[in-house]
Amino acid sequence: MSVLKRHFQFSTDFVSDNKGKQELSLQWQPLQANFLVIGSPHEKRLLLYDRQNQQLKEIPIPSACSHLAWNRDGLLLAFVCPKDQTTPLYMWSPYSQKITGQELDSWSSGKVTWLGWNPIADILAVAFNSGNIILLDKASDRRVVVREHHQGPVVDAAWSTDGVLASCSSVKDVSGDDKQAVTSFIFFTSASGEEAMTSRECPYGKARRLRFAVSKFAPIGLRSQNTLSCIISNKTLLLFDLDDDSRSLHYTFKADYGNIVDYFWFGDGYILICFQIGILIWVSSHPDEQGKELAHVNISQNSIVHMAASNDGARFGICSENVVKVFQTELGKMRHTEASLSKDAGLRKLSWTSDGSLVAAIGANGQGFVFLAKIPDIGCAWRDRVAFMVALDTFHVVEIRNSSEVLRTILCEFEPNVVALGPFNFAVAINNLAVYYFAEQPGEVTCMALSDKNVYFGTSSGDLGYFSLSGQRFELATQHTSAISSIKVKEPDALIVFTDAADEMCLYCLTTDACLPITNLAGKPMGVFFDWLVGPEQTEDFVSIFGVQTPTNLQFYAYIPHSINGAYVEEVEYNSKFSDKSSVLGISGESMALLSSGVFSVSRISLYPDDGPKEAECDSSSDFNNVTAEKLIRLHRYYEAAAFCRKKGMKDFLKRIGENCVRELNVELAVACFRESGDFDKALLLEQYVVIDHLPRLAGYMALVDGKPELAAQWFLKASDPLAVLGIYSDLMQWEKAIALAESHAADKVSYACQQYAAQLELLADYPSALEYYENALRSLNQPDAGLENQVKRGLARMCFRSGEMSRGIAIVQELKDRSLLEECAAILEDEKHLVEAAKMYRESGNLEKAASVFLRAKDWKAAEDIIEKVDCIPLKLQLGRARETLKDYAGAIKLYEAAGDNDSVVRLLLEALNRIDLAIEVVDRTRSQEGAKMVAAHFMKIKDFASAIRYLLISGRGEEAFLIAQQYNQMEIFSQVVGNDQTLALYEKIATYYSNKREFVKSAQYLIKADQSRKAVELLTKLMQRDTIDAAEEDFLLNTLVAAAVSSKDMALTDKVVQVLLGNDGGEPKDEKYLLDLYLLSGQHREADKIAVLVAEHHLDSGDYKEAHRVLYRTYIKLLESPRGPSDQLFNLFSLVHSHAVSVVMHTLKEHEKVARMLIRICKNISKFPKDASRFLLSAVLECTKCHLNKSAMEFALILMQPQYRAIVTQKYESKILNILRKGGRVVDAEEEATDCPFASHKLPSSQLFCPLCKLRVPFCVLSGMHLVRFDCAFCPGCDMPAIYSQVKSGLSAGLQACPMCSLVWSSQNMQPAAPEKTESFFRKIESSQLADG
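Residues numbered from 1 in each chain as written. Predicted model: local features only at pLDDT ≥ 70, side-chain atom pairs only at ≥ 80, totals over all residues. Heavy atoms only, no water.

Right, let's get into the sheet that holds strand β5 (residues 45–49). Ordered in space as β3-β4-β5-β6, the four strands form an open sheet in which the pairing is antiparallel. The outermost strands of the open sheet, each flanked by one partner alone, are β3 (25–28) and β6 (55–60). Taking each pair of neighbouring strands and ignoring which way they run, the sheet shows an average axis angle of 15 degrees. Judged from the four bridges that link them, β3 and strand β4 (residues 36–39) form a sheet pairing that is antiparallel. The residue bridging L26 from the neighbouring strand is I38, located in β4. (Pairing = 2+ DSSP bridges. Helix = DSSP H or I, 4+ residues; strand = E, 2+ residues; numbered from the N terminus. Axes fitted to C-alpha atoms, helices over the stretch in contact; angles between N-to-C directions.)

The following block contains the structure:
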């Protein structure tokens, strides 16, 4: 047994009149365990102690505290203060020092019996003697009242580690005996709490000390803890299986053990139970050990008052009236420590810290004790030296090799939770407080410097440190290699410049721990001075300027803390005009303080621009501006330099400043300078790095921007970003470095780096090395990556073929079955002259053309021919054809030439090899091959068949030669028949001259037109028409030729001349209007053509030639539809009337009497257009309207018919019918006509109406029925391309319709199909746009 070390003792004034039975509340703060809170059921306050025996606070509360509980992280203390029939709940935060209250009595729940926080969420459970439970969620401020689940008061409760709440109540029987009480257990979830998960009943007595545990008694289920345990009637331990309602386990003990004080779970399903008489036993939940006492120990001769265990279960403590004992929970070992107190201690309760280091005990008289149960395992090491805790505030520093000798004992100001040991210092920290201590005794102080907050010193042993004036403690900054002789400090910039015994000078930065040598000194340093006017505190730049005095010179340096090259010191000014008799005391901006022979003076220095460092107002001299900008840049005062250059418009200097800022990591200023200098690409590039605040990473990116990728790689390594370094090596194609880095930092990238290096070696034709690295890449592939594995295997296959390992390469290729790989390997085999193998691999890859080409090179004709038959490759067919021709297989060669489209070779072989002129002629006639025609013509010239020779010379494009032969051999008649329209203008002119000389002026005029000499042709034709002897046929031919000449000329003056001839204004007779119509239509004068067509059609209608009128109108209508303005209303209306006559005839044959009647109504309403057959149309309309019950229309037309000018046609047969119709005139109406949608406005209008009153547009008519078109029911005649209603066409075809009423093309169900929506939309769009353009 060893003595339990007393850490401290405290005494409270929580003393009641009923001293012996006072129950004080005692709890340590969880996690941090910084606070120990004590409450009393008789005092209106709480006491708060820290771990060092300091009473931090006395918290006043409204009334005495009955229950208190810390939340899971120790940020809230909940406590209940009953008062006058109410039960207020309060919460106190140790950090905000505020109390918030909430009345619980509003739910009429009674007295609080238990209080506890959820271990995984900030949910507080409060249990009452009424059986109710309240759940308070602090996160959402939600309150849930659980009612009516318990029939009696809640006596105990517990939370599981996964947030399940178990509670128990006890209901006594009629006798009032606790042993006969029935205990009910209810389980809730912390999320809802409104519905009970399950409930149990225990008829064995009153329960207490509920605990969740992981036991071997119940199988592992969905919950993290599978068992609920409790003490029943102070004698029995009961275990419940949470997943099986029927399973429970009872532990009963000997009667002489007495009552159970408490128990707890530890280890792998073991339970430690303490009895009041001082007996301690171990039992197990393992099935094979149930019912056995594994250990039985008498731990105290006195009655046990309380028992408590640490959170980790490694220790537990028991207390009697004046003894505290702490045991370790190891089966078979009962090592313990013990502390004996005075007899009046009256201990009642224990409480452990969360780490198990401290245990607190308190008595009824208010005395408290805190014992050190274990020393926390806090320590650290530096090289072979270690520091470790020996007390809560004490550490020893020893060397491992000589651990018995303590180098130093360090007494700390507080108990730390983080420590660190360095070469000279020992650091301790807790929360946001850190303190440094010397780890060993420093050497003799040789120099000092005083600042606002610290005294800095150097020692003979090379130590550089400082003494904090406010904290009254020493701190060691760094250790130099030799004694320090002098120091100079600029504390705002955290800089120290010191000189050592060897007259070497260094700059040390306290913030970065960087020690930089100061080089290029002109002599022994005599003094150092900082510029206190210009520095990081005064400007936005981070550069500090300091000067060094040597015997003959004054040198100025700048300290740059951050750059892509790291921190460095740079010489910025050298002044050799300095007297060694003066000592520099300091500088301030452009002024320097000197002391010489006791005389103090101030001198101006040229370090800064002449007009002062704060604002440089310069004149217009460019040299002066350049000098000023150069000085500011040399001093690294970039913000001031940028403002100056911006004001003076010096863009080149702005770009320089931006480049320097990139090197010194000032990204924001660099972006602004590049943008103002016009380098927007670089500004945009740098903007993405503005948000990066990690200096090594930022330095890496800036090194990349500055074009130093290797330096960037070093920074990225410092930033612990090997992937970025790997990317840089990859970009530089330094694959050997990339592989080495990947092997140490990114094993998953090794395979990729090996593959890329192998690909590089492959490009360099180092195939053996490439094969080696491809194999390494395949071996290094340690995680699935289908793409990379495929690339590696592809490379491996290529290298196998390059290295001659064909069988291995073929195996890989067959495994991958990749077409592109097959082609790559085939190309390798082709380069290596393995043509047959290459061709086979090309064939397997599907590249049949290449396979056939290589087979041809290998002279494997059969294999090549088998492939060529399957592909459509002209070069291969030609190549094989030439091979067949070489083998004199002319038939096979001709077949291949024909398939390749080489008709010239086909003709050549037919003529030269097979002498088949007939087949050669057939080929030329079919293909119009000029070279073939040339060969055929030469053949006919040989056999003196000049007519045929002329024909094929023209086909071959040798018109001049054909013309000469035709003249020479008197074959001009044949020549003129076959000359065509594809010859040169010069040839046509020669032919015209030839016929003019022959006095055949009409032919001459025709060839003048082809020779683009229409004016001469018109003049010639006009003269010919003035002859007296000219018949009608000749005149018709001349007029058509004249129109063609005018149209081909595209000359408006010439066209007008021809118009005058046709009108007879040249002194001749007026010609038929059809020639003028042709001229207007063909020359694009659509408005004139429209008018002439109406006149010509009306002329034909007057004579009763409806067919010719229909032809003229149709031709003009179709032509005008193609123009932007379209046909006029007059032409459209006349065309619809004339076509209505044709429709009525067709509909009459189909017995569609209503459609016949509608067409006749349309005609009769315009009966003046049909003067010759007006009576016949009126009579037919009356008869057809009568058949269709269109009685009103029949009466109207009957009245017209009975007028004298029309009545002659009415025979006696029809007179009585007509008179009968007239007698009923007052009582007749027309049957309503079917209405269909307008294709433009979706407005319904009568089917026979061709004008929409809503959209004011003409509606095109159906070529079959004459009704207006419906947008989504169209078909187009393949002959005239006129639209029809498809449903009408389909009905007409089934009724015997034969042909199109417009063009007489035979219709069938095959050639008349519904029109494509695109064509329909295009047609209606054209109709609509032409009418809108026409106004």
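If you trace the four strands from one edge of the open sheet to the other, you get β2-β33-β32-β31, paired in antiparallel fashion. At either margin of the open sheet sits one strand with a lone partner, and together these are β2 (5–11) and β31 (347–352). Ignoring strand direction, the axes of neighbouring strands in this sheet form an average angle of 20 degrees. Where strand β32 (residues 358–363) meets strand β33 (residues 367–372), five bridges bridge the pair, whose relative direction is antiparallel.

For helix α20 (residues 903–912), the tally of buried residues reaches seven of 10 residues, placing the bulk of the element in the interior. Of the residues making up α20, those classed as buried are N903, S905, V906, V907, L909, L910 and L911. Buried-residue contacts for α20 involve α18 (874–886), α19 (890–900), α21 (917–927) and α22 (930–942). (Buried < 20%, exposed > 50% of the residue type's maximum accessible area, 1.4 Å probe, protein only. Contact = heavy atoms within 4.5 Å.)

The next subject is the packing of aromatic side chains. Taken as a whole and judged by the stated rule, the model has 29 aromatic pairs. Geometrically, the ring pair formed by F1240 and F1324 is edge-to-face, given 5.8 Å between the ring centres and 85 degrees between the ring planes. Remark: F1324 occurs in helix α41 (residues 1317–1333) and F1240 occurs in the loop between β56 (1235–1237) and β57 (1244–1246); sequence separation between them is 84 residues. Across the pair, exposure class does not vary: F1240 and F1324 are buried alike. Positioned above the aromatic ring of F1177, the side-chain terminus of R1176 is 4.8 Å from the ring centre. (Phe/Tyr/Trp six-rings, centres within 6.5 Å; stacked < 30°, edge-to-face > 60°. Lys NZ or Arg CZ within 6 Å of the ring centre and 35° of its normal.)

Nonpolar side chains collect at one region of the surface, where L585, L595, F600 and V602 lie side by side and expose about 380 Å² of accessible area between them. In this fold, L595 is placed in strand β54 (residues 591–596). The class for L595 is partly exposed, based on a relative accessible area of 34%. (Patch = residues over 30% accessible without salt bridge, like charges linked within 9 Å, V, L, I, M, F, W, Y side chains within 5 Å. Areas by Shrake-Rupley, 256 points an atom, 1.4 Å probe, with all protein chains shown as cover. Salt bridge = Lys/Arg side-chain N within 4 Å of Asp/Glu carboxyl O.)

Relative to the helices and strands, S1330 is located in helix α41. For S1330, a relative accessible area of 5% translates into the label buried. In terms of polar contacts, S1330 uses its side chain to reach the backbone carbonyl oxygen of I1327, at 2.8 Å. With residues near it in sequence (within four places) discarded, S1330 still touches P1124, R1125 and G1126. (Polar contact = N/O pair within 3.5 Å; in protein donor to acceptor, adjacent residues only side chain to side chain.)

A few words now on the pattern of salt bridges. Applying the stated rule across the entire model yields 37 salt bridges. A salt bridge links R1258 to D1129; the shortest N-O distance between them is 2.0 Å. Residue R1258 is found in strand β59 (residues 1257–1258), and its partner D1129 is found in helix α34 (residues 1129–1149); the two are separated by 129 residues along the sequence. R1258 sits in the buried class, given a relative accessible area of 9%. Counted as one network, the salt bridges with shared partners bring together E762, R794, R798, D818 and E824.

Once that is clear, we can look at empty space enclosed by the protein. Per the counting criterion, the structure on display carries two cavities of 30 Å³ or more. Counted as a void, the largest cavity has a volume near 60 Å³. Lining the largest cavity are Y1117, L1121, P1127, F1132, R1258, V1259, P1260, I1327, S1330 and Q1331. Elements represented by at least two residues in the lining of the largest cavity include exactly α33 (1106–1121) and α41. Considering each element in turn, the lining of the largest cavity owes the most residues, three residues, to α41. Among the residues forming the lining of the largest cavity, the class breakdown is seven nonpolar, two polar and one charged. (1 Å grid on protein atoms, 1.4 Å probe; cavity = no way out; pocket = protein on both sides within 12 Å on 5 of 7 lines; lining within 4 Å. Points joined across faces, edges and corners; volume = space filled by probe spheres on them. Nonpolar A, V, L, I, M, F, W, Y, C, P; charged D, E, K, R; others polar.)

Once that is clear, we can look at the pairing of strand β40 (residues 433–438). For strand β39 (residues 425–430) and β40, the ladder comprises six bridges, and the chain directions are antiparallel. Note that in β40 the partner of V428 across the bridge is V435. Between β39 and β40, which pair antiparallel one after the other, the connecting turn spans two residues, and N431 there sits at a positive phi close to 50 degrees.

Further remarks concern the packing of helix α36 (residues 1174–1187) against helix α37 (residues 1191–1201). For the pair α36 and α37, the least separation of the axes is 8 Å and the interaxial angle reads 155 degrees. By the angle between their directions, the pair α36 and α37 is classed as roughly antiparallel. Read as a crossing pair, α36 and α37 show a hand that is left-handed. Taken together, the residues of α37 that come into contact with α36 (itself represented by S1175, L1178, L1179, A1181, V1182, C1185 and T1186) are N1191, S1193, A1194, F1197, A1198, I1200 and L1201. When its residues are assigned to classes, the contact of α36 with α37 shows 10 nonpolar, four polar and no charged. (Parallel < 35°, antiparallel > 145°, perpendicular 65-115°, else oblique. Left-handed = near helix turned anticlockwise from the far one by under 90°.)

The biggest cluster of nonpolar side chains holds 88 residues, and the ones touching the most others in it are C645, I657, L686, Y689 and M702. Looking at which element gives the most residues to this core, the answer is helix α12 (residues 786–802), with seven residues. Once you skip the residues sitting within four places of it in the chain, I657 turns out to touch I633, Y638, A641, A642, C645 and C673. V1112, L1121, L1257 and C1274 belong to the second largest nonpolar core, which has 85 residues in total. (Core = buried A, V, L, I, M, F, W, Y, C linked by side-chain atoms within 4.5 Å.)

Before going further, it helps to spend a moment on the side chain of E491. Mapped onto the secondary structure, E491 falls in the loop between β45 (484–490) and β46 (495–500). Notably, E491 is buried but unbridged: the nearest opposite-charge side chain belongs to K453, and the N-O separation is 5.8 Å. Reaching out from E491, the side chain makes a polar contact with the side chain of S451 at a distance of 2.8 Å. At 2.8 Å, the side chain of E491 and the side chain of N454 are in polar contact. Leaving out residues up to four positions away in the same chain, E491 has contacts with S451, D452, K453, N454, Y456 and W532. (Lys, Arg positive; Asp, Glu negative; His and termini not counted.)

As a packed pair, helix α7 (residues 709–718) and helix α8 (residues 722–731) sit with axes 8 Å apart at the nearest point and diverge in direction by 165 degrees. Here α7 lies roughly antiparallel to α8, going by the angle between them. With respect to the hand of their crossing, α7 and α8 are arranged in left-handed fashion. Touching P709, A712, A713, F716 and L717 of α7 are A724, V725, I728 and Y729, all from α8. In terms of residue class, the contact of α7 with α8 is built from nine nonpolar, no polar and no charged.

This paragraph deals with unusual backbone geometry. Glycine aside, residues mostly have negative phi, and peptide bonds are mostly found in the trans state. Of note, the phi angle at D141 is positive, near 60 degrees, even though the residue is not glycine. Relative to the helices and strands, D141 is located in the loop between β13 (133–137) and β14 (142–146). The phi dihedral of K817 falls on the positive side, at around 50 degrees, and the residue is not glycine. Looking at the element boundaries, K817 is found in the loop between α13 (806–816) and α14 (819–831).

Note: predicted coordinates in regions of low pLDDT should not be interpreted at a detailed level. Confidence in the prediction for the protein chain averages 81 pLDDT; 87% of positions are at 70 or higher. Confidence over residues 612–620 falls short of pLDDT 50; this stretch has 26 contacts with residues more than four positions distant or in other chains. (pLDDT = per-residue confidence, 0-100.)

Okay, the environment of L987 next. Within the fold, L987 resides in helix α26 (residues 985–997). Linking L987 and F963, residues 24 residues apart in sequence, is a C-alpha distance of 8.1 Å.

This paragraph deals with the state of the cysteines. If you walk through the whole model with that rule in mind, you get zero disulfides. This cysteine, C168, is not joined by any disulfide, and C230 carries the nearest cysteine sulfur, 6.7 Å off. Note on C168: relative accessible area 0%, which makes it buried. (Disulfide = S-S within 2.5 Å.)

Attention now goes to the pairing of strand β12 (residues 123–128). Within β12, six of the six residues are buried, which leaves it mostly tucked inside the rest of the structure. Here β12 shows no split at all, with I123, A125 and A127 on one side and L124, V126 and F128 on the other all buried. Pairing between strand β11 (residues 112–117) and β12: five bridges, direction antiparallel. Pairing of L115 across the sheet is with V126, part of β12. Turn length for the β11-β12 hairpin, with the two strands adjacent in sequence and antiparallel, is five residues.

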